[in-house]
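What follows is each chain in one-letter form.
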Amino acid sequence: MSTMKIEFSGGGIFYARLLEAEAPKTCGTILSRLPFEYQFYHSIVSGQALVALPPDLTVERENQRVAGIPPGALSFLVKDEPVLVPDEIYIAYGIFISRGLTVDMKQPVNVFAQIDAELDSLATCCRRVLMEGAETIAFSLAGD
């Protein structure tokens, strides 16, 4: 099982286990790209989550869900050009339902990793982004 280190530029380090059995293609793509960093903003339509729009990263659809995504989950919204949906990476810290721009008001995501510890601290960091603005979040393989 692979573990990713997630580091907020404003402070806060978390570890997420990659869900390689549930999302092997997404995890494989993410692992092949590590390390990377993106600017994350607070989600507007999906609830308690941060979101980044990676211009240089995409994955295939798999393990798709809209709801029932727990705090600490990392997910990938796959580009859907007909409905003007870009690639997006989400970090959920509370109630999260994938965004609503489609006809049925839902767009499923690939859930690919899970932060299991320090969820209260994760929520504090994410609320900081909500109140103070975007932050760069760096992703690397744990131990690197």
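Rules and cut-offs
Residues numbered from 1 in each chain as written. Predicted model: local features only at pLDDT ≥ 70, side-chain atom pairs only at ≥ 80, totals over all residues. Heavy atoms only, no water. Helix = DSSP H or I, 4+ residues; strand = E, 2+ residues; numbered from the N terminus. Contact = heavy atoms within 4.5 Å. Areas by Shrake-Rupley, 256 points an atom, 1.4 Å probe, with all protein chains shown as cover. Core = buried A, V, L, I, M, F, W, Y, C linked by side-chain atoms within 4.5 Å. Buried < 20%, exposed > 50% of the residue type's maximum accessible area, 1.4 Å probe, protein only. Phe/Tyr/Trp six-rings, centres within 6.5 Å; stacked < 30°, edge-to-face > 60°. Polar contact = N/O pair within 3.5 Å; in protein donor to acceptor, adjacent residues only side chain to side chain. Salt bridge = Lys/Arg side-chain N within 4 Å of Asp/Glu carboxyl O. Pairing = 2+ DSSP bridges.

> Quick rundown of the overall build of the protein? Include the residues and the values.
Looking only at helices and strands, the protein features two helices and nine strands. Traced from its N-terminal end to its C-terminal end, the protein shows the element sequence β-β-α-β-β-β-β-β-β-α-β. Partitioning the intrachain contacts of the protein with sequence separation of at least 6 by distance along the chain shows that 66% fall at a separation of at least 24. Taken as a whole, the protein presents about 7000 Å² of accessible surface, with 56% of it coming from carbon and sulfur.

> Provide a residue-level description of the nonpolar core, including the pertinent values.
Counting 33 residues, the largest nonpolar core has Met4, Ile6, Phe8, Phe40, Leu74, Phe112 and Phe139 as its most contacted members. No other element matches helix H2 (residues 119-132), which puts five residues into this core. Non-local contacts of Leu74, meaning those with residues more than four positions away in its chain, are made with Met4, Ile6, Ala16, Tyr90, Ile91, Asn110, Val111, Phe112, Ala113, Ile115 and Phe139.

> Just give me the short version of the packing of aromatic side chains, but keep the residues and values in it.
Applying the stated criterion across every chain yields a total of five aromatic pairs. Each ring, one from Phe36 and one from Tyr38, has its centre 5.3 Å from the other, and the planes form 45°; the classification is tilted. Accessibility classification places Phe36 together with Tyr38 in one group, the buried group. With a centroid separation of 5.9 Å and 40° between ring planes, the pair formed by Phe40 and Phe139 is classed as tilted.

> Describe the environment of Gly68, with residues and values.
Among the structural elements, Gly68 can be located in the loop between strand E5 (64-65) and strand E6 (73-77). The spacing of Gly68 and Ser98 is 30 residues in sequence and 9.9 Å in space, taken between C-alpha atoms.

> So, the side chain of Glu88: which residues are in play, and what are the values?
Residue placement: Glu88 occurs in strand E7 (residues 88-96). The exposure class of Glu88 is buried, given its relative accessible area of 4%. One polar contact links Glu88 to Tyr90, side chain to side chain, over a distance of 2.5 Å.

> Quick rundown of the pattern of salt bridges? Include the residues and the values.
One pass over the full model with this rule turns up five salt bridges. Between Asp116 and Arg17 there is a salt bridge, with its nearest N and O atoms 2.5 Å apart. Remark: Arg17 occurs in strand E2 (residues 13-18) and Asp116 occurs in the loop between strand E8 (109-115) and H2; sequence separation between them is 99 residues. Residue classification places Asp116 among the partly exposed residues on the basis of a relative accessible area of 47%. Here Arg17 falls in the partly exposed class, since its relative accessible area comes to 30%. The closest approach of N and O atoms between Glu60 and Lys25, which form a salt bridge, is 3.4 Å. Of this pair, Glu60 sits in the loop between strand E4 (47-52) and E5 while Lys25 sits in helix H1 (residues 24-33), and the two are 35 residues apart along the sequence.

> Let's hear about the pairing of E7: which residues, and what values?
Taken across its nine residues, E7 has eight buried, putting it largely inside the fold. Two elements, E4 and E7, share five bridges in a ladder whose sense is antiparallel. Counted as the bridge partner of Leu50 is Ile91 from E7. Relative to E7, E6 runs antiparallel, the two being bridged by four bridges.

Geometric values such as these leave the question of function open.
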